[in-house]
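Chain residues, written in single-letter form:
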Amino acid sequence: MKKTLSYQQVIGEAIEQMRIEKGWTQEELAEQVGSSQSAIHRIEKGGQNISLEMIKKLSEALGTQILSVNDSAGQSFRIRGGKELHGEITINTSKNAAVALLCATLLNTGKTTLRHIARIEEVFRIIEVLESIGVKCHWTNRHRDLEIISPRELKLDEMDIEAARRTRSIIMFLGPLLHRYPRFKIPYAGGCSLGTRTVEPHLQALKSFGLTVDAECHSGFYEVEVRQETLHKYHDRYIVLTERGDTVTENVLMAAALAPGKTTIVGASPNYMVQDVCFYLEQLGVKISGIGTTRLVVQGRPFFNQDVEYNISEDPIEAMSFITAALATNSEITIMRAPIEFLEIELEVLKNMHAIIDKSPEYLSSNNRTRLVDLYIKKSSLVAPVDKIHPMPFPGLNIDNLPFFSVIAAVASGRTLIHDWVFENRAVYTTELANLNVKVELLDAHRVYIEGPTNWRPTELVAPQALRPAVVILIGMLAAPGQSILRNVYPINRGYQDFAARLRHLGADISPLTGI
């Protein structure tokens, strides 16, 4: 029996045939659309999710409409909500750890193999950037693992600017690259639409390594200069981070790994993705004390040229996504391989809201460091918490998990105050839930009241251009009986691998609207 092709394979075959008919190589097509040869190769083989923006560019370059869609802004989902979920789901490896580790591989001129790396848009963007500057990336083990070899000399002037500007993770190139080049530039960081996310903490922290940046030259790039006398001083560095940020901590860790002497980082983030970077650096031979605390001491080495394998830890934010989907639909599911250390506060808050969640004994992740459990979500009659729900740096309630409590609050009896003090406008996205008949009262750009339980109503919306708020709307649509449509779901694909398919595995009625 002939195997049914996925929609990515159907699109890929069509693109390949059109390219051949035009007499172009993959590299020539890539040049026409501002991408890389490797990205075109993955698209043609059906190995990469492809945005409608890229399909439009390919159609214009090839002079033929590749497919018709029912919304020009992006792929859409049709959700028939009001159905209970059931079964079990296994948590994928961490997206935030994956992008940081991809940046960290620039430190090593040997081969790095990242096991079970998330195949998501954010990861693909970083891979496209790496390949464009000469890094060899090769998928193995049925596209589950990624081998990366960074050359001694990078082709920074050939960087895929479009891919770089679509991810904020590009800022983590600063730490590794400052050891390689006295001058270089990288594009301004992109990513989620969550207000002004300053890079100043990165620049201040990396000054100790001689890095200076002109971020106000209005060229669209961070123009970097590295003072060599500062970089190569053999003395102890003592760096106090004014913001306990995950990416800034990772950037300093990468810079410290190749810096002579000892670097002490005070005010470091001990969050899950930072720990993954620490574990990887340890495999390269870096000595790090204080992992999991806010004070890290790093003993750098002059170079790294060795073959290493690293198993990325599981994603606590994805685990919280499925916990939320179960509670919002009043379902019973089992969540396998949840990283409990990074979910304990969230589970305690849910316990106080009368959520019934059992857990298995602990066991270790494949990296032999991260603690895992299986979670058993039961049907629960939720109530609003007595206190407000707000995030804090780890070990507090995770900033990325806070939006999920808005849709959980919508099914809880009573009034819940959610305080998102971190981002300038993320709380405003919560008002989108009103389209699903949720009672939402926006107090200001950071605080919102949600009153439940909700008499859900289906709707049609464009997904917010921020990852977690977009998932919150999708979960709300799962709870709402009837047919809803969520348009332009690229923000979800940016951070989740096959999220719709995995929800279908749990019994959700959700399908793409691509109109092939």
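Above this note sits the structure.
Okay, so let's go over this structure. (Residues numbered from 1 in each chain as written. Predicted model: local features only at pLDDT ≥ 70, side-chain atom pairs only at ≥ 80, totals over all residues. Heavy atoms only, no water.)

With that settled, consider helix α2 (residues 26-33). Looking only at α2, the buried set comprises Q26, L29, A30 and V33. Projected onto a plane normal to the axis of α2, the buried residues spread over an arc of 105 degrees and lie on a single side. The exposed set on the far side of α2, more than 90 degrees from its buried face, consists of E27 and E31. G34 occupies a position one or two residues after α2 and carries a positive phi of about 70 degrees. (Buried < 20%, exposed > 50% of the residue type's maximum accessible area, 1.4 Å probe, protein only. Helix = DSSP H or I, 4+ residues; strand = E, 2+ residues; numbered from the N terminus. Arc of directions from axis to C-beta.)

Right, let's talk about the nonpolar core for a bit. Counting residues in each nonpolar core, the largest one holds 153 residues, and the members touching the most others are F173 and L350. In terms of residues, this core owes the most to one element, helix α17 (residues 467-479), which gives ten residues. Setting aside residues no more than four positions away along its own chain, L350 makes contact with M320, I323, L327, A355, I357, F405 and I408. Counting 15 residues, the second largest nonpolar core, distinct from the first, contains A30, I43, I55 and L62. (Core = buried A, V, L, I, M, F, W, Y, C linked by side-chain atoms within 4.5 Å. Contact = heavy atoms within 4.5 Å.)

The next point concerns the pattern of salt bridges. Applying the stated criterion across every chain yields a total of 23 salt bridges. Between E344 and R371 there is a salt bridge, with its nearest N and O atoms 3.4 Å apart. Of this pair, E344 sits in helix α14 (residues 344-352) while R371 sits in strand β17 (residues 371-377); the two residues are 27 residues apart in sequence, bridging distant segments of the chain. The exposure class assigned to R371 is partly exposed, which follows from its relative accessible area of 25%. The partner of R447 in a salt bridge is D444, and the shortest N-O contact between them spans 2.9 Å. Assessed through its relative accessible area of 29%, D444 is described here as partly exposed. Here the salt bridges share partners, and the residues they tie into one network are R42, E121, R125, E128 and E131. (Salt bridge = Lys/Arg side-chain N within 4 Å of Asp/Glu carboxyl O.)

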